[in-house]
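Observations on the model geometry
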Amino acid sequence: MIKHFLLRGAFAAMLGLPAFAMAALPVIEVYKSASCGCCADWIKHLEANGFTVRAKNVEMPAQYRKLAGIPDALGSCHTGLVNGYAIEGHVPASEIKQLLRDKPKAKGLAVPAMPMGSPGMEGPRKDAYDVLLVKNNGSTEVYKHYK
């Protein structure tokens, strides 16, 4: 009886393990305008992938991009901050997780503009786009290409 009880308890603990692992992801602070629907959809994408998001509606989201050191040419409609990195635009959660694992010396990641098919911009078509690693000197390199 006790053995059966312990086995059931161990099984229940294993089932809860993925939820515990997801809870270990850091909080992402997102600065966005109150009226932007695609920002809300991107936040839902992050939450569905295990992140906790603290969304802050601000009058001028571009100010936060500038404070994070992301060049205006890489701008989008929202800026996230996580573990010292800036996340500009519709960056997929998988690339944010990779960034947090790799810990490169960089300002963060950016998906300039608002490409159709990126997280939060789902629709009838999918455009190719790049997730860019923004280096500390402001230059970029392709971190991941999406077709």
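Residues numbered from 1 in each chain as written. Predicted model: local features only at pLDDT ≥ 70, side-chain atom pairs only at ≥ 80, totals over all residues. Heavy atoms only, no water.

**Description of the side chain of S76**
Topologically, S76 is positioned in the loop between α3 (61–67) and β3 (79–82). The exposure class assigned to S76 is buried, which follows from its relative accessible area of 17%. With residues near it in sequence (within four places) discarded, S76 still touches R65, E88, G89, H90, V111, A113 and M114. (Helix = DSSP H or I, 4+ residues; strand = E, 2+ residues; numbered from the N terminus. Buried < 20%, exposed > 50% of the residue type's maximum accessible area, 1.4 Å probe, protein only. Contact = heavy atoms within 4.5 Å.)

**As for the side chain of K32**
For K32, the position within the fold is in strand β1 (residues 27–32). For the buried residue K32, which engages in no salt bridge, the nearest side chain bearing the opposite charge is D41, 10 Å off. Only 2.7 Å separates the side chain of K32 from the side chain of N57, close enough to count as a polar contact. Beyond its immediate stretch of four places on either side in the chain, K32 contacts C39, I43, A55, K56, N57, V58, P61, C77 and H78. (Lys, Arg positive; Asp, Glu negative; His and termini not counted. Salt bridge = Lys/Arg side-chain N within 4 Å of Asp/Glu carboxyl O. Polar contact = N/O pair within 3.5 Å; in protein donor to acceptor, adjacent residues only side chain to side chain.)

**A word on the sheet that holds β3**
Taking strand neighbours across the sheet as the criterion, the seven strands line up as β2-β1-β3-β4-β5-β6-β7 in an open arrangement whose pairing is mixed. Each edge of the open sheet carries a strand with a single partner, namely β2 (52–57) and β7 (140–146). Going from strand to strand, the sheet's axes swing by 20° on average, the running direction of each strand aside. Where β3 meets strand β4 (residues 85–89), four bridges bridge the pair, whose relative direction is antiparallel. Each residue of the ladder has a partner; that of V82, found in β4, is Y85. Sitting on the sheet, helix α2 (residues 37–48) is in contact with β1, β2 and β4, with an inclination near 175° to β1. Here helix α4 (residues 93–102) sits on the sheet and contacts β1, β3, β4, β5 (106–111), β6 (129–135) and β7; the angle it forms with β7, its principal contact strand, is near 135°. (Pairing = 2+ DSSP bridges. Axes fitted to C-alpha atoms, helices over the stretch in contact; angles between N-to-C directions.)

**Some thoughts on unusual backbone geometry**
The phi torsion at N83 lies on the positive side, around 50°, for a residue other than glycine. By the element assignment, N83 lies in the loop between β3 and β4. Judged by its relative accessible area of 54%, N83 falls in the exposed class.

**Things to note about the pairing of β5**
The buried count for β5 comes to five of six residues, which makes it a mostly enclosed element. Pairing analysis gives four bridges linking β4 to β5, with the strands arranged parallel. Across the sheet, residue A86 finds its bridge partner in β5, namely G108. Traced from β4 through α4 to β5, the parallel crossover comes out left-handed. (Right-handed = clockwise from strand over helix to strand, strands pointing away.)

**Focus on the pairing of β6**
For β6, a buried count of five out of seven residues is recorded, marking the element as mostly surrounded by other parts of the structure. In this structure, β5 lies alongside β6, joined through four bridges in antiparallel fashion. Within β6, the position partnered with A110 by the bridge is L132. Relative to β7, β6 is paired through six bridges, and the arrangement is antiparallel. Residue pairing across strands places L133 opposite E141, the latter belonging to β7. The hairpin turn running from β6 into β7, its antiparallel successor, is four residues long, and G138 in that turn takes a positive phi close to 95°.

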